[in-house]
Amino acid sequence: MAGRKSKKQLYMDKEPNHFMNLRYRDGDNRHAYPSMSIDEFSDTVLDGLSKSIIAKLEANDYDPKNPPCKASTLRLYHDKCGCSFDYLMGETDYQSPTLKEIGKDPVLSQLDESFWDNLKRFLSDGHGHEAVMLNLLFSQPELLQGVCESIFMSLLRIDKAKKIYKSKELKESLEYQIATEEFNLNRSINRYLEDSIMPLLDSEFYVYENQTKPNLDKATDELFGKFADFCRNTKETTD
């Protein structure tokens with residue numbers, strides 16, 4: 001029948017619920033239907049769980065606190081998908097059990113779950129400068145909001161320009177548009193960093209120059225010294 005919507009289209013008329021979200025693969029468009037089918041999800045992830053049960057849980061027309069399934073089904077999702085029970089019951093927007101409390105916050109949960117994993121990795125490496133910079137950047141949230149807005153709008157204009165100036169004849173116009181946007185954006189970011197952030201770094205600069213850098217230089221010298229000793233001992237043994 002003309003105009004009749006497919007099952008997938010009907011699904012996407014509603015926001016995917018927490019159960020359907022588990023079928024999205026990395027890289028999937030979250031505004032489209034999941035690339036993993038219910039059949040594949042059942043066979044490869046959920047130990048052959050009934051497709052009708054999966055479809056019922058993804059239908060989104062029931063109270064999340066009272067899903068239409070047995071407790072053993074929730075346990076299966078919990079064990080096989082690595083998500084918390086709070087997530088399955090709609091109490092948190094984050095699948096990871098370790099992030100379930102953050103996922104309950106209406107503001108912080110706007111950030112992707114991967115953001116927190118990446119943040120942890122970001123702060124785990126380096127020499128502490130990353131944490132210092134993040135603290136300073138977020139110490140003036142209004143200014144940082146302005147910078148983020150400028151970056152977003154500049155990239156949006158560049159994206160539009162690339163779509164408009166597709167032909168080779170308009171290549172120079174595109175390059176000019178991009179160069180203009182990059183110049184304005186760099187100027188805005190540099191002004192923010194130099195005028196607002198740099199004055200707050202005096203004490204950190206002192207610590208780096210008088211403590212961190214000397215320690216790094218000493219560790220580097222020791223490492224090269226050990227490597228030189230190793231090479232010398234290896235040569236003597238070979239000779």
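In case you missed it, the structure is sitting above this.
In this report, the structure presented in the accompanying data block is examined.

Conventions and cut-offs
- Residues numbered from 1 in each chain as written.
- Predicted model: local features only at pLDDT ≥ 70, side-chain atom pairs only at ≥ 80, totals over all residues.
- Heavy atoms only, no water.
- Helix = DSSP H or I, 4+ residues; strand = E, 2+ residues; numbered from the N terminus.
- Rg over C-alpha atoms; globule rule 2.2 N^0.38 Å.
- Patch = residues over 30% accessible without salt bridge, like charges linked within 9 Å, V, L, I, M, F, W, Y side chains within 5 Å.
- Areas by Shrake-Rupley, 256 points an atom, 1.4 Å probe, with all protein chains shown as cover.
- Salt bridge = Lys/Arg side-chain N within 4 Å of Asp/Glu carboxyl O.
- Buried < 20%, exposed > 50% of the residue type's maximum accessible area, 1.4 Å probe, protein only.

## So, the overall build of the protein chain
Check the secondary structure of the protein chain and you find 11 helices and 0 strands. Listed by position from the N terminus, the elements making up the protein chain come as α-α-α-α-α-α-α-α-α-α-α. The C-alpha atoms of the protein chain give 27 Å as radius of gyration, which overshoots the globular expectation for 239 residues (18 Å, by more than 25%). Dimensions of the protein chain along its principal axes, counting C-alpha atoms only, are 75 × 60 × 45 Å.

## Digging into a nonpolar patch on the surface
Together, Val107, Leu108, Leu111 and Phe115 make up an exposed nonpolar region whose accessible area comes to about 320 Å². Mapped onto the elements of the fold, Phe115 is located in helix α7 (residues 113-124).

## Section: the environment of Asp26
Mapped onto the secondary structure, Asp26 falls in the loop between α2 (18-21) and α3 (38-44). Using a relative accessible area of 81% as the deciding quantity, one classes Asp26 as exposed.

## Some thoughts on the pattern of salt bridges
Evaluated as defined, the whole model comprises 12 salt bridges. Ionic pairing is found between Asp86 and Lys100, a salt bridge with its closest N-O pair at 3.7 Å. Taken as a pair, Asp86 in helix α6 (residues 85-88) and Lys100 in the loop between α6 and α7 lie far apart in primary sequence, 14 residues in all. Among the salt bridges present, the one from Arg157 reaches Glu181, with a minimum N-O distance of 2.8 Å. One end of the pair, Arg157, is in helix α9 (residues 141-164); the other, Glu181, is in helix α10 (residues 171-197), with 24 residues separating them in the sequence. Residue classification places Arg157 among the partly exposed positions, given a relative accessible area of 38%.

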